[in-house]
Amino acid sequence: MARLAAALLVVVAALAAAACWPAVPGAEALGMNWGTQASHPLPPKAVVQVLRDNGIKKVKLFDTDSAAMSALAGSGVEVMVAIPNIMLADLADDARKAKDWVKRNVKRYDFDGGVTIKYVAVGNEPFLESYNGTFINITFPALQNIQNALNDAGIGDRIKATVPLNADVYNSPANHPVPSAGRFRTDIAGLMTDIVKFLAKNNAPFTVNIYPFLSLYLNDNFPLDYAFFDGGATPVNDNGVLYTNVFDANFDTLVAALKAVGNGDMPVIVGEVGWPTDGDKHAKSTYAERFYAGLLKRLAANTGTPARPGQYIEVYLFGLVDEDMKSVAPGNFERHWGILRYDGQPKFAMDLTGQGRNTMPVPAKGIKYLSKAWCALNPNAKDLSKLGANIDYACTFADCTPLGYGSTCNGMDTAGNASYAFNAYYQVQNQKDEACDFQGLALPTETNPSTAACNFTIQIQSGAAVHGRSGVGTATAAATVLALLQLFALW
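Since the structure is predicted, the reported quantities are computational estimates derived from the model, not experimental observations.

Each value, and the rule that gives it
Residues numbered from 1 in each chain as written. Predicted model: local features only at pLDDT ≥ 70, side-chain atom pairs only at ≥ 80, totals over all residues. Heavy atoms only, no water. Helix = DSSP H or I, 4+ residues; strand = E, 2+ residues; numbered from the N terminus. Buried < 20%, exposed > 50% of the residue type's maximum accessible area, 1.4 Å probe, protein only. Lys, Arg positive; Asp, Glu negative; His and termini not counted. Salt bridge = Lys/Arg side-chain N within 4 Å of Asp/Glu carboxyl O. Polar contact = N/O pair within 3.5 Å; in protein donor to acceptor, adjacent residues only side chain to side chain. Contact = heavy atoms within 4.5 Å. Phe/Tyr/Trp six-rings, centres within 6.5 Å; stacked < 30°, edge-to-face > 60°. Lys NZ or Arg CZ within 6 Å of the ring centre and 35° of its normal. Pairing = 2+ DSSP bridges. Axes fitted to C-alpha atoms, helices over the stretch in contact; angles between N-to-C directions.

## Side note on the side chain of Glu323
Line of reasoning, step 1. Along the chain, the position of Glu323 falls in the loop between strand S15 (314-317) and strand S16 (374-377).
Line of reasoning, step 2. An unpaired buried charge is present at Glu323: no salt bridge exists, and Lys326, the closest side chain of opposite charge, is 4.5 Å distant.
Line of reasoning, step 3. A distance of 2.9 Å separates a polar side-chain atom of Glu323 from the backbone nitrogen of Gln37.
Line of reasoning, step 4. Discounting residues that sit within four places of it in the chain, Glu323 has contacts with Gly35, Thr36, Gln37, Ala38, Phe318 and Arg335.

## Observations concerning the pattern of salt bridges
Line of reasoning, step 1. All chains considered together, the criterion is met by 20 salt bridges.
Line of reasoning, step 2. Notably, a salt bridge pairs Asp152 with Lys99, separated by 3.6 Å at the nearest N-O pair. Taken together, the residues Asp152 in helix H6 (residues 139-152) and Lys99 in helix H5 (residues 95-105) connect sequence positions 53 residues apart.
Line of reasoning, step 3. Between Asp220 and Lys281 there is a salt bridge, with its nearest N and O atoms 3.8 Å apart. Of the two residues, Asp220 is situated in the loop between helix H8 (212-218) and strand S10 (236-238) and Lys281 in the loop between strand S12 (268-273) and helix H10 (285-300); the sequence distance between them amounts to 61 residues.
Line of reasoning, step 4. You can call Asp220 exposed: its relative accessible area is 65%.

## Notes on the packing of aromatic side chains
Line of reasoning, step 1. Evaluated as defined, the whole model comprises 28 aromatic pairs.
Line of reasoning, step 2. Between Phe229 and Phe291, the aromatic rings sit 5.4 Å apart at their centres with planes inclined by 45 degrees, giving tilted as the arrangement. One end of the pair, Phe229, is in the loop between H8 and S10; the other, Phe291, is in helix H10, with 62 residues separating them in the sequence. When sorted by exposure, Phe229 lands in the same class as Phe291, which is buried.
Line of reasoning, step 3. Lying over the aromatic face of Tyr287, Lys284 brings its terminal NZ or CZ to 4.6 Å of the ring centre.

## Details of unusual backbone geometry
Line of reasoning, step 1. The amide bond that connects Phe318 to the next residue, Gly319, takes the cis arrangement and shows omega of -5 degrees.
Line of reasoning, step 2. Position of Gly319 relative to the elements: it lies in the loop between S15 and S16.
Line of reasoning, step 3. We note that Asn203 has phi near 55 degrees; this positive angle belongs to a residue other than glycine.
Line of reasoning, step 4. Structurally, Asn203 is set in the loop between helix H7 (189-201) and strand S9 (206-209).
Line of reasoning, step 5. Its relative accessible area of 63% is what places Asn203 among the exposed residues.
Line of reasoning, step 6. Residue Asn239 is not a glycine yet carries a positive backbone phi of 55 degrees.
Line of reasoning, step 7. With respect to the helices, strands and loops of the structure, Asn239 is situated in the loop between S10 and strand S11 (241-243).

## What to know about the sheet that holds S9
Line of reasoning, step 1. Across the sheet, 9 strands lie side by side as S5-S4-S3-S2-S1-S15-S12-S9-S6; this open sheet has parallel pairing. The open sheet terminates on both sides in strands that have one partner only, identified here as strand S5 (160-162) and strand S6 (164-166). Neighbour-to-neighbour, the strand axes of the sheet open up by a mean angle of 25 degrees, direction not taken into account.
Line of reasoning, step 2. Of the pairings in the sheet, the one linking S9 to S12 comprises 4 bridges and is parallel in character. Looking across to S12, one finds that Val208 is bridged to Val270.
Line of reasoning, step 3. Each of S9 and S12 touches helix H9 (residues 246-260); the most contacted strand, S12, lies at about 140 degrees to it.

It is worth stressing that arrangement in space is one thing and function is another; only the former is reported here.
Right, here's the structure in full:
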(Lines give C-alpha, C1' and ligand atoms only; values in the text may rest on other atoms or scores of the structure.)
Protein backbone atom coordinates (compact mmCIF):
# COMPACT_ATOMS: atom_id res chain seq x y z
CA MET A 1 0.00 0.00 0.00
CA ALA A 2 2.88 2.37 0.70
CA ARG A 3 4.09 1.97 -2.88
CA LEU A 4 0.59 2.58 -4.19
CA ALA A 5 0.25 5.68 -2.04
CA ALA A 6 3.53 7.04 -3.38
CA ALA A 7 2.41 6.42 -6.93
CA LEU A 8 -0.93 8.07 -6.30
CA LEU A 9 0.94 11.16 -5.15
CA VAL A 10 2.58 11.24 -8.57
CA VAL A 11 -0.85 11.15 -10.21
CA VAL A 12 -2.12 13.93 -7.95
CA ALA A 13 0.92 15.94 -8.96
CA ALA A 14 0.07 15.27 -12.60
CA LEU A 15 -3.39 16.70 -12.06
CA ALA A 16 -2.00 19.78 -10.33
CA ALA A 17 0.55 20.35 -13.06
CA ALA A 18 -1.84 20.11 -15.99
CA ALA A 19 -2.07 23.36 -17.93
CA CYS A 20 -1.52 24.71 -21.42
CA TRP A 21 2.03 25.48 -22.47
CA PRO A 22 2.80 29.08 -23.35
CA ALA A 23 3.95 29.59 -26.92
CA VAL A 24 7.67 30.34 -26.71
CA PRO A 25 9.25 29.83 -30.15
CA GLY A 26 12.86 28.66 -29.96
CA ALA A 27 12.58 27.49 -26.36
CA GLU A 28 11.45 24.06 -27.50
CA ALA A 29 15.04 23.22 -28.41
CA LEU A 30 16.29 24.26 -24.97
CA GLY A 31 16.78 22.19 -21.90
CA MET A 32 17.64 23.42 -18.42
CA ASN A 33 19.76 21.95 -15.62
CA TRP A 34 17.93 21.90 -12.29
CA GLY A 35 20.34 21.65 -9.39
CA THR A 36 19.18 21.58 -5.79
CA GLN A 37 22.30 22.11 -3.67
CA ALA A 38 20.80 25.04 -1.83
CA SER A 39 20.12 25.81 1.82
CA HIS A 40 16.59 26.89 0.84
CA PRO A 41 15.77 25.25 -2.50
CA LEU A 42 12.81 26.51 -4.47
CA PRO A 43 9.72 24.32 -4.06
CA PRO A 44 9.68 21.71 -6.85
CA LYS A 45 6.22 22.76 -8.00
CA ALA A 46 7.43 26.36 -8.33
CA VAL A 47 10.39 25.18 -10.40
CA VAL A 48 8.24 23.14 -12.77
CA GLN A 49 5.87 26.09 -13.13
CA VAL A 50 8.71 28.47 -13.99
CA LEU A 51 9.94 25.98 -16.60
CA ARG A 52 6.47 25.86 -18.10
CA ASP A 53 6.00 29.64 -17.94
CA ASN A 54 9.23 30.08 -19.89
CA GLY A 55 8.39 27.38 -22.42
CA ILE A 56 11.30 25.15 -21.33
CA LYS A 57 10.29 21.59 -22.21
CA LYS A 58 13.42 19.69 -21.22
CA VAL A 59 15.13 19.41 -17.85
CA LYS A 60 18.25 17.65 -16.66
CA LEU A 61 18.41 16.50 -13.03
CA PHE A 62 21.35 15.32 -10.95
CA ASP A 63 19.42 12.56 -9.17
CA THR A 64 15.86 11.21 -9.02
CA ASP A 65 14.54 13.18 -6.07
CA SER A 66 10.97 12.05 -5.42
CA ALA A 67 9.64 15.57 -4.83
CA ALA A 68 11.06 16.79 -8.12
CA MET A 69 9.79 13.74 -9.98
CA SER A 70 6.32 14.13 -8.50
CA ALA A 71 6.26 17.80 -9.51
CA LEU A 72 7.30 16.87 -13.05
CA ALA A 73 4.58 14.23 -13.40
CA GLY A 74 2.06 15.19 -16.05
CA SER A 75 3.91 18.43 -16.83
CA GLY A 76 5.00 17.41 -20.30
CA VAL A 77 8.60 18.35 -19.46
CA GLU A 78 11.06 15.85 -20.93
CA VAL A 79 13.47 14.65 -18.25
CA MET A 80 17.05 13.41 -18.03
CA VAL A 81 17.32 11.69 -14.65
CA ALA A 82 20.72 11.01 -13.16
CA ILE A 83 22.80 8.56 -11.16
CA PRO A 84 25.38 10.27 -8.90
CA ASN A 85 29.02 9.21 -9.18
CA ILE A 86 28.96 7.69 -5.70
CA MET A 87 26.49 5.05 -6.92
CA LEU A 88 28.50 3.92 -9.92
CA ALA A 89 30.52 1.24 -8.12
CA ASP A 90 27.43 -0.64 -6.90
CA LEU A 91 25.74 -0.48 -10.28
CA ALA A 92 28.90 -1.59 -12.07
CA ASP A 93 29.39 -4.60 -9.81
CA ASP A 94 25.86 -5.99 -9.82
CA ALA A 95 23.47 -6.02 -12.79
CA ARG A 96 20.63 -6.84 -10.38
CA LYS A 97 21.18 -3.54 -8.59
CA ALA A 98 21.00 -1.76 -11.94
CA LYS A 99 17.68 -3.47 -12.68
CA ASP A 100 16.39 -2.50 -9.26
CA TRP A 101 17.48 1.11 -9.80
CA VAL A 102 15.65 1.24 -13.12
CA LYS A 103 12.55 -0.26 -11.52
CA ARG A 104 12.51 2.24 -8.63
CA ASN A 105 13.60 5.36 -10.48
CA VAL A 106 12.40 4.95 -14.06
CA LYS A 107 9.65 2.34 -14.39
CA ARG A 108 7.93 3.73 -11.30
CA TYR A 109 7.22 6.98 -13.13
CA ASP A 110 6.81 5.58 -16.63
CA PHE A 111 3.08 5.66 -17.34
CA ASP A 112 0.62 7.92 -19.15
CA GLY A 113 0.37 11.03 -17.02
CA GLY A 114 3.68 10.22 -15.30
CA VAL A 115 7.15 11.60 -15.91
CA THR A 116 8.42 11.80 -19.49
CA ILE A 117 11.87 10.33 -18.98
CA LYS A 118 14.05 10.32 -22.08
CA TYR A 119 17.58 9.85 -20.76
CA VAL A 120 19.41 8.39 -17.78
CA ALA A 121 22.67 10.19 -17.03
CA VAL A 122 25.11 7.62 -15.65
CA GLY A 123 27.43 9.67 -13.46
CA ASN A 124 28.47 13.27 -13.98
CA GLU A 125 31.84 14.11 -15.53
CA PRO A 126 33.36 10.92 -14.03
CA PHE A 127 36.62 11.15 -16.02
CA LEU A 128 37.66 14.59 -14.80
CA GLU A 129 41.42 14.59 -14.45
CA SER A 130 41.00 16.04 -10.95
CA TYR A 131 39.30 12.78 -9.86
CA ASN A 132 42.60 10.93 -10.41
CA GLY A 133 40.96 7.93 -12.06
CA THR A 134 38.47 7.22 -9.25
CA PHE A 135 35.67 6.31 -11.66
CA ILE A 136 37.72 5.09 -14.64
CA ASN A 137 37.02 1.39 -14.15
CA ILE A 138 33.39 1.55 -13.04
CA THR A 139 31.65 4.07 -15.32
CA PHE A 140 31.45 1.92 -18.45
CA PRO A 141 30.21 -1.22 -16.62
CA ALA A 142 27.58 0.92 -14.86
CA LEU A 143 26.52 2.39 -18.22
CA GLN A 144 26.22 -1.09 -19.70
CA ASN A 145 24.20 -2.44 -16.79
CA ILE A 146 21.80 0.50 -16.79
CA GLN A 147 21.18 0.43 -20.55
CA ASN A 148 20.74 -3.35 -20.44
CA ALA A 149 18.30 -2.94 -17.55
CA LEU A 150 16.34 -0.39 -19.58
CA ASN A 151 16.32 -2.81 -22.51
CA ASP A 152 15.19 -5.71 -20.32
CA ALA A 153 12.40 -3.56 -18.91
CA GLY A 154 11.10 -2.98 -22.43
CA ILE A 155 11.79 0.77 -22.44
CA GLY A 156 15.32 0.87 -23.87
CA ASP A 157 14.02 1.84 -27.30
CA ARG A 158 12.82 5.23 -25.99
CA ILE A 159 14.88 5.82 -22.82
CA LYS A 160 18.63 5.90 -23.37
CA ALA A 161 21.54 5.82 -20.95
CA THR A 162 24.36 8.30 -21.54
CA VAL A 163 27.36 9.65 -19.62
CA PRO A 164 27.65 13.45 -19.28
CA LEU A 165 31.37 14.05 -19.79
CA ASN A 166 33.53 17.10 -19.31
CA ALA A 167 35.21 18.45 -22.42
CA ASP A 168 38.57 17.44 -20.95
CA VAL A 169 38.04 13.89 -22.28
CA TYR A 170 39.25 15.10 -25.69
CA ASN A 171 41.80 17.58 -27.02
CA SER A 172 43.94 18.55 -29.94
CA PRO A 173 47.71 18.02 -29.86
CA ALA A 174 49.81 20.96 -28.68
CA ASN A 175 51.68 21.01 -32.00
CA HIS A 176 48.45 21.14 -34.02
CA PRO A 177 45.78 22.85 -31.85
CA VAL A 178 42.86 22.90 -34.27
CA PRO A 179 39.42 21.23 -34.01
CA SER A 180 39.96 18.82 -36.90
CA ALA A 181 42.87 17.25 -35.01
CA GLY A 182 40.68 16.37 -32.05
CA ARG A 183 41.25 13.01 -30.36
CA PHE A 184 40.18 11.42 -27.10
CA ARG A 185 42.58 11.89 -24.21
CA THR A 186 45.40 9.36 -24.50
CA ASP A 187 44.98 7.87 -21.01
CA ILE A 188 41.34 6.97 -21.70
CA ALA A 189 41.33 6.64 -25.50
CA GLY A 190 40.53 2.92 -25.46
CA LEU A 191 37.84 3.33 -22.82
CA MET A 192 36.24 6.22 -24.68
CA THR A 193 36.21 4.18 -27.88
CA ASP A 194 34.41 1.35 -26.08
CA ILE A 195 31.86 3.76 -24.62
CA VAL A 196 31.22 5.41 -27.99
CA LYS A 197 30.71 2.01 -29.65
CA PHE A 198 28.27 0.97 -26.92
CA LEU A 199 26.32 4.23 -27.22
CA ALA A 200 26.14 3.78 -30.99
CA LYS A 201 24.95 0.18 -30.63
CA ASN A 202 22.06 1.39 -28.47
CA ASN A 203 21.28 4.51 -30.53
CA ALA A 204 22.19 6.66 -27.55
CA PRO A 205 23.76 10.13 -27.72
CA PHE A 206 27.15 11.36 -26.56
CA THR A 207 26.72 14.00 -23.85
CA VAL A 208 29.33 16.68 -23.23
CA ASN A 209 29.55 19.74 -20.98
CA ILE A 210 31.14 22.78 -22.64
CA TYR A 211 32.08 25.88 -20.64
CA PRO A 212 33.63 28.82 -22.50
CA PHE A 213 33.73 30.67 -19.17
CA LEU A 214 36.24 28.15 -17.83
CA SER A 215 38.57 28.90 -20.73
CA LEU A 216 38.80 32.44 -19.37
CA TYR A 217 38.95 31.39 -15.74
CA LEU A 218 41.79 28.92 -16.25
CA ASN A 219 43.90 31.03 -18.61
CA ASP A 220 44.55 34.73 -18.10
CA ASN A 221 45.88 34.94 -21.66
CA PHE A 222 42.72 33.53 -23.25
CA PRO A 223 41.18 36.16 -25.59
CA LEU A 224 38.00 37.44 -23.95
CA ASP A 225 35.99 37.91 -27.14
CA TYR A 226 36.65 34.30 -28.23
CA ALA A 227 34.40 33.14 -25.38
CA PHE A 228 31.41 34.90 -26.98
CA PHE A 229 29.55 34.70 -30.26
CA ASP A 230 29.57 38.27 -31.55
CA GLY A 231 32.57 37.96 -33.84
CA GLY A 232 35.03 40.24 -32.06
CA ALA A 233 37.82 37.67 -31.75
CA THR A 234 40.61 36.79 -34.14
CA PRO A 235 39.48 33.52 -35.78
CA VAL A 236 41.33 30.23 -35.50
CA ASN A 237 42.11 28.96 -39.00
CA ASP A 238 41.67 25.20 -39.34
CA ASN A 239 42.73 24.37 -42.91
CA GLY A 240 40.64 27.24 -44.25
CA VAL A 241 37.74 26.76 -41.80
CA LEU A 242 37.49 29.80 -39.55
CA TYR A 243 36.45 29.38 -35.91
CA THR A 244 35.27 32.63 -34.35
CA ASN A 245 34.32 31.29 -30.90
CA VAL A 246 35.50 28.62 -28.49
CA PHE A 247 32.12 26.85 -28.27
CA ASP A 248 32.22 25.87 -31.95
CA ALA A 249 35.88 24.94 -31.71
CA ASN A 250 35.29 22.78 -28.65
CA PHE A 251 32.22 21.06 -30.11
CA ASP A 252 33.99 20.29 -33.39
CA THR A 253 37.04 18.96 -31.57
CA LEU A 254 34.66 16.36 -30.13
CA VAL A 255 33.19 15.69 -33.57
CA ALA A 256 36.71 15.03 -34.86
CA ALA A 257 37.44 12.69 -31.94
CA LEU A 258 34.23 10.78 -32.66
CA LYS A 259 35.10 10.60 -36.35
CA ALA A 260 38.54 9.23 -35.48
CA VAL A 261 36.94 6.22 -33.79
CA GLY A 262 34.48 5.65 -36.62
CA ASN A 263 31.40 7.46 -35.25
CA GLY A 264 31.58 10.93 -36.74
CA ASP A 265 27.82 11.14 -37.14
CA MET A 266 26.93 10.27 -33.53
CA PRO A 267 24.28 12.57 -32.00
CA VAL A 268 25.81 14.96 -29.45
CA ILE A 269 23.94 16.55 -26.56
CA VAL A 270 25.45 19.55 -24.81
CA GLY A 271 24.53 18.60 -21.26
CA GLU A 272 25.74 21.83 -19.66
CA VAL A 273 26.64 25.25 -21.02
CA GLY A 274 26.28 28.58 -19.28
CA TRP A 275 27.89 31.59 -17.63
CA PRO A 276 28.05 32.43 -13.90
CA THR A 277 27.23 35.88 -12.56
CA ASP A 278 29.38 36.19 -9.42
CA GLY A 279 32.44 34.76 -7.71
CA ASP A 280 35.10 35.81 -10.26
CA LYS A 281 36.18 38.88 -12.23
CA HIS A 282 34.69 37.35 -15.39
CA ALA A 283 31.57 36.03 -13.66
CA LYS A 284 29.11 38.87 -14.00
CA SER A 285 25.64 39.45 -15.31
CA THR A 286 26.74 41.61 -18.26
CA TYR A 287 28.91 38.81 -19.60
CA ALA A 288 26.22 36.21 -18.93
CA GLU A 289 23.69 38.29 -20.85
CA ARG A 290 26.13 38.69 -23.74
CA PHE A 291 26.95 34.98 -23.80
CA TYR A 292 23.36 33.77 -23.73
CA ALA A 293 22.23 36.31 -26.32
CA GLY A 294 24.73 34.93 -28.80
CA LEU A 295 24.16 31.28 -27.94
CA LEU A 296 20.36 31.43 -28.01
CA LYS A 297 20.31 33.26 -31.34
CA ARG A 298 22.44 30.52 -32.91
CA LEU A 299 20.38 27.71 -31.39
CA ALA A 300 17.10 29.24 -32.56
CA ALA A 301 18.46 29.53 -36.10
CA ASN A 302 19.92 25.98 -36.07
CA THR A 303 23.23 27.50 -37.12
CA GLY A 304 25.16 24.41 -36.06
CA THR A 305 28.95 24.42 -36.18
CA PRO A 306 31.47 24.36 -39.06
CA ALA A 307 31.71 20.56 -38.79
CA ARG A 308 27.94 20.20 -38.55
CA PRO A 309 26.45 23.23 -40.29
CA GLY A 310 22.74 23.91 -40.22
CA GLN A 311 22.10 21.24 -37.64
CA TYR A 312 19.94 21.30 -34.54
CA ILE A 313 21.94 20.94 -31.32
CA GLU A 314 20.20 19.70 -28.19
CA VAL A 315 21.41 21.93 -25.36
CA TYR A 316 20.77 22.09 -21.62
CA LEU A 317 21.61 25.47 -20.11
CA PHE A 318 23.42 25.49 -16.79
CA GLY A 319 21.62 26.36 -14.83
CA LEU A 320 18.20 27.40 -13.76
CA VAL A 321 18.81 28.74 -10.25
CA ASP A 322 21.74 29.62 -7.96
CA GLU A 323 22.85 26.98 -5.44
CA ASP A 324 24.40 28.41 -2.28
CA MET A 325 25.58 25.04 -0.93
CA LYS A 326 27.59 23.86 -3.94
CA SER A 327 31.24 23.04 -3.44
CA VAL A 328 33.51 25.96 -4.29
CA ALA A 329 36.53 23.73 -4.89
CA PRO A 330 36.50 24.59 -8.65
CA GLY A 331 35.95 28.29 -7.83
CA ASN A 332 33.61 30.67 -5.99
CA PHE A 333 31.56 31.06 -9.18
CA GLU A 334 30.12 27.57 -8.69
CA ARG A 335 27.29 28.96 -6.58
CA HIS A 336 26.21 31.50 -9.18
CA TRP A 337 25.40 29.67 -12.43
CA GLY A 338 21.65 30.31 -12.32
CA ILE A 339 19.81 32.47 -14.82
CA LEU A 340 17.55 32.98 -11.80
CA ARG A 341 18.54 34.07 -8.33
CA TYR A 342 18.07 31.80 -5.31
CA ASP A 343 14.48 33.05 -5.05
CA GLY A 344 13.56 32.42 -8.67
CA GLN A 345 13.85 36.02 -9.83
CA PRO A 346 15.67 36.71 -13.12
CA LYS A 347 19.09 38.34 -13.04
CA PHE A 348 19.37 39.82 -16.53
CA ALA A 349 17.58 40.20 -19.86
CA MET A 350 17.39 36.93 -21.74
CA ASP A 351 15.22 36.16 -24.75
CA LEU A 352 14.75 32.41 -24.74
CA THR A 353 13.30 32.56 -28.25
CA GLY A 354 16.68 33.61 -29.58
CA GLN A 355 15.18 36.63 -31.33
CA GLY A 356 17.28 39.13 -29.40
CA ARG A 357 14.40 40.94 -27.71
CA ASN A 358 15.06 42.92 -24.54
CA THR A 359 12.92 40.75 -22.30
CA MET A 360 13.33 39.03 -18.95
CA PRO A 361 12.63 35.37 -18.13
CA VAL A 362 9.34 34.80 -16.33
CA PRO A 363 10.07 34.68 -12.57
CA ALA A 364 8.99 32.03 -10.12
CA LYS A 365 5.57 32.71 -8.65
CA GLY A 366 4.16 32.39 -5.15
CA ILE A 367 7.54 32.42 -3.39
CA LYS A 368 7.34 33.46 0.26
CA TYR A 369 10.17 35.13 2.12
CA LEU A 370 11.30 35.27 5.71
CA SER A 371 10.68 38.48 7.67
CA LYS A 372 12.33 41.73 6.56
CA ALA A 373 15.16 41.36 9.02
CA TRP A 374 18.92 41.28 8.63
CA CYS A 375 21.91 40.63 10.86
CA ALA A 376 24.70 43.23 10.98
CA LEU A 377 27.81 44.14 12.93
CA ASN A 378 26.94 45.58 16.34
CA PRO A 379 28.02 49.25 16.14
CA ASN A 380 28.56 49.26 19.91
CA ALA A 381 30.85 46.24 19.99
CA LYS A 382 34.05 47.11 21.83
CA ASP A 383 36.27 44.03 21.53
CA LEU A 384 36.81 43.17 17.86
CA SER A 385 39.64 40.73 18.48
CA LYS A 386 37.41 37.77 17.70
CA LEU A 387 35.79 39.36 14.63
CA GLY A 388 37.89 37.41 12.11
CA ALA A 389 37.15 34.07 13.74
CA ASN A 390 33.42 34.81 13.80
CA ILE A 391 33.42 35.85 10.15
CA ASP A 392 35.21 32.61 9.28
CA TYR A 393 32.61 30.64 11.26
CA ALA A 394 29.72 32.34 9.48
CA CYS A 395 31.26 31.78 6.06
CA THR A 396 31.89 28.11 6.81
CA PHE A 397 28.15 27.50 7.03
CA ALA A 398 26.83 30.16 4.65
CA ASP A 399 27.71 31.57 1.24
CA CYS A 400 30.20 34.43 1.38
CA THR A 401 31.52 34.03 -2.16
CA PRO A 402 30.22 37.49 -3.24
CA LEU A 403 32.88 38.98 -0.93
CA GLY A 404 35.75 37.51 -2.98
CA TYR A 405 38.04 39.29 -5.40
CA GLY A 406 36.23 40.44 -8.52
CA SER A 407 32.81 39.66 -7.01
CA THR A 408 29.79 41.91 -6.47
CA CYS A 409 30.42 42.63 -2.79
CA ASN A 410 34.19 42.90 -2.96
CA GLY A 411 35.63 46.22 -1.75
CA MET A 412 33.46 46.86 1.30
CA ASP A 413 35.13 47.85 4.56
CA THR A 414 35.57 45.51 7.53
CA ALA A 415 32.17 46.39 8.94
CA GLY A 416 30.50 45.66 5.61
CA ASN A 417 32.28 42.32 5.22
CA ALA A 418 31.35 41.30 8.76
CA SER A 419 27.72 42.31 8.30
CA TYR A 420 27.47 40.40 5.03
CA ALA A 421 28.89 37.24 6.59
CA PHE A 422 26.72 37.49 9.70
CA ASN A 423 23.59 38.08 7.64
CA ALA A 424 24.33 35.20 5.28
CA TYR A 425 24.55 32.85 8.27
CA TYR A 426 21.46 34.40 9.90
CA GLN A 427 19.38 33.78 6.78
CA VAL A 428 20.62 30.20 6.36
CA GLN A 429 19.55 29.61 9.97
CA ASN A 430 16.05 30.95 9.21
CA GLN A 431 16.62 34.16 11.20
CA LYS A 432 16.80 32.42 14.56
CA ASP A 433 17.66 34.87 17.35
CA GLU A 434 20.67 32.88 18.46
CA ALA A 435 22.04 32.99 14.89
CA CYS A 436 22.69 36.73 15.18
CA ASP A 437 24.95 37.12 18.18
CA PHE A 438 28.49 36.05 17.30
CA GLN A 439 29.81 36.63 20.81
CA GLY A 440 28.09 39.99 21.05
CA LEU A 441 29.49 41.23 17.72
CA ALA A 442 26.16 41.18 15.83
CA LEU A 443 22.64 42.50 16.20
CA PRO A 444 19.41 41.94 14.22
CA THR A 445 18.20 44.97 12.31
CA GLU A 446 15.20 45.98 10.22
CA THR A 447 17.34 48.42 8.24
CA ASN A 448 18.51 46.93 4.95
CA PRO A 449 22.34 47.08 4.89
CA SER A 450 22.52 46.43 1.14
CA THR A 451 24.56 48.73 -1.07
CA ALA A 452 24.12 49.69 -4.72
CA ALA A 453 26.42 46.82 -5.74
CA CYS A 454 25.91 44.32 -2.92
CA ASN A 455 22.60 42.72 -2.03
CA PHE A 456 22.15 41.44 1.52
CA THR A 457 19.61 38.69 0.94
CA ILE A 458 16.51 37.69 2.82
CA GLN A 459 15.99 33.97 2.42
CA ILE A 460 12.84 32.29 1.20
CA GLN A 461 10.67 30.15 3.39
CA SER A 462 11.53 26.50 3.01
CA GLY A 463 8.64 24.64 1.43
CA ALA A 464 6.99 27.83 0.19
CA ALA A 465 4.29 26.85 -2.28
CA VAL A 466 3.54 28.23 -5.68
CA HIS A 467 -0.03 28.75 -6.83
CA GLY A 468 -0.34 27.10 -10.22
CA ARG A 469 -3.02 27.54 -12.84
CA SER A 470 -6.36 26.01 -12.05
CA GLY A 471 -8.40 23.79 -14.26
CA VAL A 472 -7.68 20.44 -15.87
CA GLY A 473 -8.59 19.65 -19.44
CA THR A 474 -10.72 16.68 -20.41
CA ALA A 475 -7.84 14.95 -22.17
CA THR A 476 -5.62 15.30 -19.12
CA ALA A 477 -8.35 14.00 -16.82
CA ALA A 478 -8.82 10.99 -19.08
CA ALA A 479 -5.07 10.34 -19.08
CA THR A 480 -5.03 10.53 -15.30
CA VAL A 481 -7.84 8.01 -14.98
CA LEU A 482 -5.90 5.72 -17.29
CA ALA A 483 -2.79 6.21 -15.17
CA LEU A 484 -4.74 5.24 -12.06
CA LEU A 485 -5.93 2.07 -13.70
CA GLN A 486 -2.38 1.25 -14.72
CA LEU A 487 -1.17 1.85 -11.20
CA PHE A 488 -3.70 -0.51 -9.71
CA ALA A 489 -2.57 -3.09 -12.24
CA LEU A 490 1.12 -2.57 -11.38
CA TRP A 491 0.89 -2.50 -7.60
